[in-house]
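In case you want the letters, here they are:
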Amino acid sequence: MSEVKENNTNEKHNLAVKLGFPTDEGCHSMANLLKDCLSNDDVKQMYSEWGDTGTYDKSMSNNVYKGPYLVSKAVNDNIPNKNAKILDIACGTGFVGEHLKKFGFTNVDGMDAARGMLENAEKKSAYQNYICSVIGEGSVHGIPDRTYDVITISGGFGPGHITLEAIPEMIELVKPGGFIFNITRKNHLNSFEEYKDKWEPYIQSLEDAGKWREISRTIFRNYYFEKDGIMFIHEQVQ
């Protein structure tokens, strides 16, 4: 039985890498794959290979996936200091870093759990520093608390991706008075087990505990294909 399950998982893993997920149907297949079939290590490997094949950047163009531009624009609209120290979590191949650079930000680091994604971001010189790490499992490669003025996350919260337990780590990495900009697909928060009936109580509990406060939340139509996105902006208040 375990051999059959392993073969099935490997088959789906190979299919996922080849797909490139260029359609909404492909994206749905990916979400189910991540939710049902793959371990965290498999997810990291899949994303590394997806970056290496060169299909990631083609699949996630601005016409299809608007998250990186939207979160970067929000940073530009709210953060006047172009030298603010920024950490882009789940940075992938560097889309957010590229947009922030166009907006004039000069001090941006990228972090991703998939080394292949980071290597592609480095080829573009998208960031100053490249951090290969998972967030939500304790210390993040020795980064001191209160290092960053801003954290950005575009598409990092989804099935098989960043867990709720990672949020306190993010808060600790931000200086008091700093900001966390997080954009994701709206339906992810109420359709997947990781977040369903948990997201709102959890982020509110952190606010009640005096960890952060919500500044705004905004819905964006057609954030990814025809799926709506939601952006949360929180301020670190410790």
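Residue positions are given per chain, counting from 1 as you read along its sequence in written order. Per-residue local features of the predicted model are confined to residues with pLDDT of at least 70, and side-chain atom pairs are confined, for both listing and counting, to 80 or more; whole-chain, interface and lining totals are unaffected and use all residues. Computation of side-chain values covers all heavy atoms of the structure but excludes hydrogens and water.

Caption draft 1: The arrangement of helix 6 (residues 95–102) in detail. Three exposure classes are used, based on accessible area relative to the maximum for each residue type with a 1.4 Å probe and protein chains only: buried under 20%, partly exposed in between, and exposed over 50%. Think of it this way: any DSSP run of H or I at least four residues long counts as a helix, any run of E at least two long counts as a strand, and we number them from the N terminus. Looking only at helix 6, the buried set comprises Phe95, Val96, Gly97, His99 and Leu100. Two residues or fewer past helix 6, Gly104 is found with a positive phi of approximately 100°.

Caption draft 2: Spotlight on the packing of helix 5 (residues 67–78) against helix 6. Under this scheme, a helix contributes an axis fitted over its contacting stretch, all axes are lines through C-alpha atoms, and angles between N-to-C directions fall in the 0 to 180 degree range. Running from amino to carboxyl end, helix 5 crosses helix 6 at an angle of 40°, the nearest separation of the two axes being 9 Å. Taken together, helix 5 and helix 6 sit at an angle that is classed as oblique. Crossing of helix 5 against helix 6: the hand is right-handed. Judged by residue contacts, Pro68, Tyr69, Val71, Ser72 and Val75 of helix 5 engage Phe95, Val96, His99 and Leu100 from helix 6. Throughout, the ten residues Ala, Val, Leu, Ile, Met, Phe, Trp, Tyr, Cys and Pro are labelled nonpolar, Asp, Glu, Lys and Arg are labelled charged, and all others, Gly among them, are labelled polar. Looking at side-chain class alone, the contact of helix 5 with helix 6 contains seven nonpolar, two polar and no charged residues. The cut-offs work like this: below 35 degrees is roughly parallel, past 145 is roughly antiparallel, 65 to 115 is roughly perpendicular, and the gaps in between are oblique. Two helices cross in a left-handed way if the nearer one is turned anticlockwise from the farther one by less than a right angle. They cross in a right-handed way if the turn is clockwise. Note on contacts: a residue pair is in contact if any heavy atoms of the two residues lie within 4.5 Å.

Caption draft 3: Layout of unusual backbone geometry. Its identity is not glycine, yet Ser125 carries a phi of approximately 55°, on the positive side. Inspection of the secondary structure assignment puts Ser125 in the loop between helix 7 (115–123) and strand 3 (130–132). Of note, Asp197 is a non-glycine position whose phi angle comes to about 60°, a positive value. Structurally, Asp197 is set in the loop between helix 9 (188–191) and helix 10 (199–208).

Caption draft 4: Expanded view of the pairing of strand 2 (residues 108–112). Counting buried positions along strand 2 gives five out of five residues, so the element sits mostly inside the fold. Of the two faces of strand 2, the one lined by Val108, Gly110 and Asp112 and the one lined by Asp109 and Met111 are each fully buried. Two elements, strand 1 (residues 86–89) and strand 2, share four bridges in a ladder whose sense is parallel. Its bridge partner lying in strand 2, Leu87 is registered against Asp109. Viewed with both strands pointing away, a crossover whose connecting path from the first strand over the helix to the second turns clockwise is right-handed. Taking the sense of rotation as the criterion, the β-α-β connection linking strand 1, helix 6 and strand 2 turns out right-handed. Between any two strands, pairing holds if DSSP finds at least two bridges. Of the strand pairs in this sheet, strand 2 and strand 3 are connected by three bridges, and their pairing is parallel. Considered in strand 3, the bridge of Gly110 is made with Tyr130.

Caption draft 5: Structural view of the packing of aromatic side chains. Between rings of Phe, Tyr and Trp, where Trp is taken as its six-membered ring, a pair exists when centres lie within 6.5 Å; planes separated by under 30 degrees are stacked, by over 60 edge-to-face, and by other angles tilted. Considering all chains together, one arrives at ten aromatic pairs under this definition. Clustering of aromatic rings is evident, with ring pairs tying together Tyr65, Tyr223, Tyr224 and Phe225.

Caption draft 6: Region of interest: the pattern of salt bridges. The term salt bridge refers to a pairing of a side-chain nitrogen on Lys or Arg with a carboxyl oxygen on Asp or Glu at a separation within 4 Å. Within the structure shown, the criterion is met by nine salt bridges. Residues Lys73 and Asp77 are paired through a salt bridge, measuring 2.9 Å at the closest nitrogen-oxygen approach. Of this pair, Lys73 and Asp77 both sit in helix 5, four residues apart, which is roughly one turn of that helix. Between Glu214 and Arg217 there is a salt bridge; the shortest N-O distance is 2.9 Å. Residue class for Glu214 comes out partly exposed when judged on its relative accessible area of 27%. Note on Arg217: relative accessible area 37%, which makes it partly exposed. Bridged by salt links that share partners, the residues Glu200, Glu214 and Arg217 form one connected network.

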